[in-house]
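# Notes for the structure review
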Amino acid sequence: MYTSRITGLGYYVPENVVTNDDLKQWMDTSDEWIQERTGIKERRWIDTKISDDTTSSMGAKAAEIAIERAGLTKDDIDFIVFATLSPDMYFPGGGVRVQDYLDMPTIGALDVRNQCSGFVYAMSVADQFVKSGMYKNVLVIGSENHSGGLERSTRGRHVTVIFGDGAGAAVVSRSDDENRGILSSHLHSEGKHAGELSLLGPSTGRWVDAIMEENDPDDVSYYPHMNGQFVFKHAVVRFSEAIIEGLQANGLEKEDIDMLIPHQANLRIAQFIQRKFRLSDDQVYNNIMNYGNTTAASIPIALTEVWEKGKIKEGDIVILAAFGSGFTWGSVVMRW
Ligand code: UT7
């Protein structure tokens, strides 16, 4: 039986910074409202006038860094798992685009469609492939281009101010060290709440023709919809459950957590979890202030920053936890 562990991490964010005050050019909002409700100060939004970044190109840039830090080359990667809710195209997904961008051999590429939980799901897939012995090095990417699809108006402000663009990547590799690596992952869904955080069209339920024909100025079905308070209430419960499940599965107590990296949905959610588990500021990492909610990219960006800052050391218990659209949620427990 093999073990699997992260051997390389990287992230990439577009250079264009959009502050809360910058958003006022499109909508009636304020820095005070956004910071008080979400903790966000600024986010990165691709500026199409100066950049040709896409979801997959950002993913590829993050991946290049992660592969190099793993001491590998693109030719050592056996498989790609790509998590996003904002692929460059309706189909195919982003994984094959990364295979092309990085000029990789014709390895398999799998897209994961689990939104904010996408990276946790993707890590779980990579972990299984490596532990089974099927692959040695799996590239896991979370990447999002939200800015291209957000409603930049007062009508859309309760969603638009939250989301940011960016990408993060990890290389999950086979290891013979039984004492380190991914210990377990725990995945859940509850599809009856799919409509509470969703994007209806274009899709097979909402083709472009239908949207164009109706030409209804009140039609918001092609913008993301979020029932914020409903999502918030479920998030605080499911985040906690996913963390407890991960701890229990490994015979750990909350005191054993060295670093918790929650999906960066809202600083208030992360602070609630921190209080509930009585964790210190050093035990929870947040960077939503600088990037907003980057959905599938938020955990790998945060994990890369944590690692770059030297905040995790060998042997530490590191927990990734996520909740989001679907609803889906889950956790990954690692001994670093
Ligand atoms: O990552 C995936 C999972 N997502 C989440 O976990 C998100 C969970 N939800 C949340 O984080 C919060 O619900 C939000 C931050 C999205 C919204 O906060 P809220 O406290 O639930 O605000 P609300 O939508 O209930 O709106 C409160 C008020 C409304 O005004 P009235 O009706 O009370 O007069 C909104 O129109 O705030 C208004 N509002 C804004 N005002 C200024 C909504 N968005 C804005 C805005 N700027 N951007």
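A few points on the structure.

Reading the values: the criteria
Residues numbered from 1 in each chain as written. Predicted model: local features only at pLDDT ≥ 70, side-chain atom pairs only at ≥ 80, totals over all residues. Heavy atoms only, no water. Buried < 20%, exposed > 50% of the residue type's maximum accessible area, 1.4 Å probe, protein only. Helix = DSSP H or I, 4+ residues; strand = E, 2+ residues; numbered from the N terminus. Pairing = 2+ DSSP bridges. Near = heavy atom within 4 Å. Polar contact = N/O pair within 3.5 Å; in protein donor to acceptor, adjacent residues only side chain to side chain. Areas by Shrake-Rupley, 256 points an atom, 1.4 Å probe, with all protein chains shown as cover. Axes fitted to C-alpha atoms, helices over the stretch in contact; angles between N-to-C directions. Contact = heavy atoms within 4.5 Å.

## So, the pairing of strand S7 (residues 166-175)
In terms of burial, S7 is a largely internal element, nine of the 10 residues being buried. Relative to S7, strand S1 (residues 3-12) is paired through nine bridges, and the arrangement is antiparallel. The partner of Tyr12 across the bridge, within S7, is Ala167. Relative to S7, strand S6 (residues 137-144) runs antiparallel, the two being bridged by eight bridges. Within S7, the position partnered with Val138 by the bridge is Val172.

## Topic: the site of the ligand
For the ligand, the set of nearby residues contains 20 residues, the closest of which are Thr29, Arg37, Gln229, Asn266 and Asn293. With respect to the ligand, the side chain of Trp33 contributes an N or O atom lying 3.1 Å from an oxygen atom. In the complex, the protein chains occlude 73% of the 960 Å² of accessible area that the ligand would expose alone. No other element matches helix H7 (residues 228-249), which puts four residues into the shell around the ligand.

## Section: unusual backbone geometry
With an omega of -5°, the peptide bond between Phe91 and Pro92 qualifies as cis. Looking at the secondary structure, you find Pro92 in the loop between strand S4 (79-83) and helix H3 (94-101). Residues Gly201 and Pro202 are joined by a peptide bond in cis, for which omega reads 0°. Positioned with a positive phi, Gln115 is a non-glycine residue whose angle comes to about 50°. Tracing the sequence through the fold places Gln115 in the loop between strand S5 (108-112) and helix H4 (118-131). Phi angles above zero are rare outside glycine, and Arg278 is one such case at about 50°. Residue placement: Arg278 occurs in the loop between helix H8 (267-276) and helix H9 (288-291).

## Some thoughts on the sheet that holds strand S12 (residues 317-324)
Across the sheet, four strands lie side by side as S8-S13-S12-S11; this open sheet has mixed pairing. Only two strands of the sheet have a single neighbouring strand rather than two, namely strand S8 (181-189) and strand S11 (259-262). Along the sheet, successive strands turn relative to each other by an average axial angle of 10°, direction set aside. Here S12 runs beside strand S13 (residues 328-335); their pairing, made up of eight bridges, is antiparallel. Across the sheet, residue Val318 finds its bridge partner in S13, namely Met334. Contacts from H7 reach S8, S11, S12 and S13 within the one sheet, and its direction differs from that of S12 by about 150°.

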